Each structure stands twice: as structure tokens, then as C-alpha cells.
Amino acid sequence: MATTSAPVAAPLALDLVIFGGVGDLSVRKLLPALYMAHLHGNLSLQTRIHALGRQDWDRTAFLAFIEEKVPGFIEPKAFTEAGWQGFVERLNFVSVDATQAADFDALGRALQAGSDRVYYLATAPSLFTAICAHLAGAGLIDSHSRVVLEKPLGHDLASAQRINDEVGQYFQEQQIFRIDHYLGKETVQNLMVLRFGNTIFEPLWRSPYIKSVQITVAESVGVGSRAGFYDGTGAMRDMIQNHLLQLLCIVAMEPPVSLDADAVRDEKLKVLRSLRPMTVADVARDTVRGQYSAGAANGDAALGYLQEDNIPPGSSTETFVALKAHINNWRWANVPIFLRTGKRMAERRSEIVIEFADLPFTIFQDSPRQSVNRLMIRLQPEEHVQLQMMAKEPGSGMRLRPVHLNLDLESAFSERRAEAYERLLMDVIKGRLTHFMRRDELEAAWTWVDPILEGWKLLNERPKAYTAGSWGPAASSALMARESGAWVEES
Ligand code: BG6
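If you're wondering where the values come from, they're calculated on a predicted model, not measured in any experiment.

Details of the overall build of the chain
Broken down by element type, the chain carries 15 helices and 17 strands. Here the C-alpha radius of gyration of the chain, 24 Å, is about what a compact globule of 491 residues would show, namely 23 Å. Principal-axis analysis of the C-alpha atoms places the extent of the chain at approximately 80 × 50 × 45 Å. Counting over 491 residues, the chain shows a buried share of 53%. Considering only contacts within the chain whose residues lie at least 6 apart along the sequence, 78% involve residues at least 24 apart. On the chain, roughly 21,300 Å² of surface is accessible, and the fraction owed to carbon and sulfur atoms is 53%. Counting 51 positive and 59 negative side-chain charges, the chain places the averaged centre of each group 4 Å from the other.

Dropping the structure here:
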């Protein structure tokens, strides 16, 4: 799929149009990110932001709503009254019902003549086709326009293809920015530099020098107020299909020939296509579905998933997944890849752990501890890279003890670290596609995930309970133990 050339660089006038402009994502992430971009002088003078919603509001009513909600999601030390007033000048509200063609004429009148347009679809995917069709009908799409699609992009492969086909009728592939905010995280982008900007890891970054890879995205929060969305989605579709598989791609891909969008995305696609498909027997053996039961979170009592507001009685939606995957290529043959994510886990922690192979033979027979070399890449809440080496314990005898070489990325740089959404929005504005998913990538991810979802349906088992505030069901540790391994917090 040749999609290398991104739209031309943004001219000065830019209209950024947010469908779902007063929704949760816009209030919590998009508007705060745009405020930061404004504050740091990264938006051109003629950038206007149009929030769209069905409310029968004028600009004043909209600003009253925004002023009450948005500042709370801006880092307090970055909030200034002058900065906010300048930002507000850029904001506009247009009352649009996405299903009504006539409303798009009003949108057209609100946009600047001859501007570049970015349409951010922060709505349910069921509205994507109507939005694109009505934008086209009102003559609001040209070859410079871009569209940003928020996840979840589909429920399975067929629905993802349908969305892609529908949006593809109105926008070329190089105009489509499928967002996965994990790709905007500083540490995730840094992983590319760690791998491809240093020589020391590459010779070892393969079978048989790597024993296993663990990728964990653990959250301490529960389902919160998102029951309606989450119960129909579950952890597999919400996290593994996108965020964790994208992390896996960056860990496992071959060196791309350049940072050009398609060069990077071609390599990620190869990883997704090399994932060994799972049979029902594999699903039964190599995956664990969990659901949190009552326990604790941050020292307070926490409800179980089934007791949360608006969760249907007896729901069997999974809030936790652990699984063992394999990549069928020369670099990764026989290296188990463990993916794990969950809500209401012991702590918020996203981490990639590369465990290097055991020594072929040890001369330190008397040491109670044996060698374990690990590279641990912490994505959040802190950002650091640790290399676990073995050292001699002081004193007589030759006893080994692990020590850590620490690279603390937060204190190594004094520069401001932009949030993922700010960075990705700037990429959209500049037409840079490298950190967005291409259609074939998204579909390859679903191609691997679908049989797992299908397998779970056939097996028809309830998710295994785990106590809120724990590291997941016991079966997750057992999955590791079968490969003579352990999750990093257990070892
Ligand atoms: C979103 C999921 O994509 O990512 C949420 O829909 C999840 O369920 C969130 O909480 C996690 O993002 P982050 O950046 O807080 O790790």
C-alpha cells in the first residue's frame, strides 16, 4: 500500500474541527492538549478550533461549559489566565447533528476561506460514514483535508473493514490518521531510539539471546463512568488489539529503512502478519481472561466489576487479559511473548521487560542466586530504562546479586515533555503519518485477535475472578510458570 506522501505542509489558516467536541475525550484530552500547543506557540495565528455538538448552544454557552470543565485537566503549573484567554479566542462552537446534511452548511460557513481542514472524529464509529458523506456533500473535503479516527475502530475484522471502506470513499489513505495514543507517548517513541539509535542491543535482540518478552499495561482504575462503552468492549478490544500490539510491533520489528511513515508501518505490519494464529486449543491453554471482584484500590475499598454502576448483572466482559503469543520469523522463533493488561490492578504500571537467555553454564555454583539479565523499559507512570546485571556481593565467596543500571529519562532532560495527544495532534497538523496506524496494520491486528475472541466464545467460560488491587488471576502466574518464568513483580 503506497501511502508515503503525506498531505502538503499546513498553510497558515487551519480549521480544526472536533466532532464530539463537548464529549469526554475532547474535554479531558483534546482541548487541554491544544491549550498546551497554543501556550507553547505551536499553533499558527490563523488556527481556529471548532467544537461540534448537538446542543443548541451559542458560543457564550459553549465557553461557559468549557471554562468550567477544561482547566481541571490542564497541569496547574501550565495554566495561566492570559494563556487561557488567548486560547479561548481560537474556539468556536457549531451546533451540528451529524446525521443532518443541512447542519454541514452551517459548519461550512464557520470555516475560514481557503483553510486547511482537520476533522477529528471523536464520536462513535457508527457516525463516521454520515459525517464523511455530509462533509463531502457540503464540499468541505479537498486533497489537503485530513481526518482523524479515534479508536475503537471496529469490533472485529469485518466491522473494521467496513469503517475503512466507508471512510475510504471520501478520504485517501494518506489523509487518514488512525490514532492510537500510545504511539504518541514519549517513551514509546524513545523505544525506537533505544533500539535503532544504539548499537549495543541489536546483536542480542533476537532468539536465542532473548528468553522472553513481557509487555504489561496495568491500570489501578476501574471501569469508572464508562460502563456503557466498556461492557460491550472488554480488555481485549480496548487495550490488546491496539495499544499492546502496537508496543509489541515496536519491540519486535526489523529496522525500518527510514523514519518515513510507510517504512515504519511496513515493518510493523510484518510483525502483525507474523503473529502465530491461535487455535481454540491455544486459546484455552495460552490465554487468561479475568474480571475484578471487590477488593482495594489505593488503600480504599473498591467494588467488583459486577457491582459497578450500569454493568449488566452477570456480565462476562473481561477486565483483564494475559496471553502468550509467538512471532513466526527468524528473529523471534521460540521466544514467548507475554502480553498482560487489566483494570483495578495493584498499581498503574506500563512496562516492557526483555529477559535475556540463561547462562549456558555457570561457574558460580555456590551462589544462591543465578544470573538474570533484564532490560526493563518503564513507560508510565515514571519513564525510565533499567538494565539488570549481576554483580558480586561484597564479602568472601562468590555470591551474585542483581544491580541496576538506571537511565532516568525524566531527569536526563530538562525539556518539557508533551502529552501524547498534544504530540499526535501536532503530527496531524503537520501531516506526519509515522505514528498513526495504516489500514492494513489495523486489519492485520484484528485478523490475529478475531480467532481469540471466537475461541473464548466457543469455550464459553466465565472470566476468572481476581481481587481488585491484585496482579490478576492466579492463572496468569501459572501461564508464566509453564514456561519456567514469572511476571517481573513476582520474580
Ligand atoms: C484507552 C482505553 O485507550 O486507554 C482506556 O480506552 C484506558 O480504557 C486508556 O484507560 C489508558 O491510557 P493511558 O494513557 O492512561 O495508559
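After that view, the rundown keeps rolling.
With respect to the nonpolar core
Ranked by size, the top nonpolar core spans 104 residues in total, and within it Phe19, Leu107, Tyr119 and Leu375 carry the most contacts. Ranked by the residues each element gives to this core, the list is headed by helix α9 (residues 234-252), at twelve residues. Discounting residues that sit within four places of it in the chain, Leu375 has contacts with Leu194, Phe201, Trp205, Ile352, Val353, Ile354, Phe356, Val385, Gln386 and Leu387. Ranked by size, the runner-up nonpolar core spans 42 residues in total, among them Ala33, Leu34, Ile49 and Ile66.

Notes on a nonpolar patch on the surface
Taken together, the side chains of Met389, Val403 and Leu405 define a hydrophobic patch exposed on the protein surface, amounting to about 250 Å² of accessible area. Checked against the element boundaries, Leu405 lands in strand β16 (residues 400-408).

Re the site of the ligand
If you check the shell around the ligand, you find Lys151, His181, Tyr182, Lys185, Glu219, Arg226, Asp238, Met239, His243, Lys343, Arg348 and Gln380 and nothing else. One of the side-chain N or O atoms of His181 is found 2.8 Å from an oxygen atom in the ligand. Gln380 places a polar side-chain atom, nitrogen or oxygen, 2.7 Å from an oxygen atom of the ligand. Calculation on the ligand without its partners gives an accessible area of 400 Å², and the protein chains cover 82% of this total. When residues of the shell around the ligand are assigned to their parent elements, the largest contribution, three residues, is made by α9. Looking at the shell around the ligand, its residues break down into two nonpolar, three polar and seven charged.

Digging into the packing of helix α1 (residues 24-39) against helix α13 (residues 420-430)
At a minimum axis distance of 8 Å, the contact between α1 and α13 shows a crossing angle of 65°. Regarding the angle of α1 to α13, the classification is roughly perpendicular. For the element pair α1 and α13, the recorded crossing hand is right-handed. Residues Leu25, Lys29, Leu30, Ala33, Leu34, Met36 and Ala37 of α1 form the contact with α13, whose own contacting residues are Tyr421, Glu422, Leu425 and Met426. Tallied by class, the residues present in the contact of α1 with α13 amount to nine nonpolar, no polar and two charged.

Considerations on the sheet that holds strand β17 (residues 464-467)
Backbone hydrogen bonds hold the strands of a sheet together, and the pairing may be parallel or antiparallel. In spatial order, the strands read β16-β15-β14-β13-β7-β12-β11-β8-β17; together these nine strands make up an open sheet with mixed pairing. On the outer flanks of this sheet lie β16 and β17, each paired with one strand and no other. Direction aside, neighbouring strands of the sheet carry axes that sit 20° apart on average. Taken together, the four bridges between strand β8 (residues 287-293) and β17 define a ladder with parallel strand orientation.

Here is what the cut-offs are and how they apply
- Residues numbered from 1 in each chain as written.
- Predicted model: local features only at pLDDT ≥ 70, side-chain atom pairs only at ≥ 80, totals over all residues.
- Heavy atoms only, no water.
- Helix = DSSP H or I, 4+ residues; strand = E, 2+ residues; numbered from the N terminus.
- Rg over C-alpha atoms; globule rule 2.2 N^0.38 Å.
- Buried < 20%, exposed > 50% of the residue type's maximum accessible area, 1.4 Å probe, protein only.
- Contact = heavy atoms within 4.5 Å.
- Areas by Shrake-Rupley, 256 points an atom, 1.4 Å probe, with all protein chains shown as cover.
- Lys, Arg positive; Asp, Glu negative; His and termini not counted.
- Charge placed at Lys NZ, Arg CZ, Asp CG, Glu CD.
- Core = buried A, V, L, I, M, F, W, Y, C linked by side-chain atoms within 4.5 Å.
- Patch = residues over 30% accessible without salt bridge, like charges linked within 9 Å, V, L, I, M, F, W, Y side chains within 5 Å.
- Salt bridge = Lys/Arg side-chain N within 4 Å of Asp/Glu carboxyl O.
- Near = heavy atom within 4 Å.
- Polar contact = N/O pair within 3.5 Å; in protein donor to acceptor, adjacent residues only side chain to side chain.
- Nonpolar A, V, L, I, M, F, W, Y, C, P; charged D, E, K, R; others polar.
- Axes fitted to C-alpha atoms, helices over the stretch in contact; angles between N-to-C directions.
- Parallel < 35°, antiparallel > 145°, perpendicular 65-115°, else oblique.
- Left-handed = near helix turned anticlockwise from the far one by under 90°.
- Pairing = 2+ DSSP bridges.

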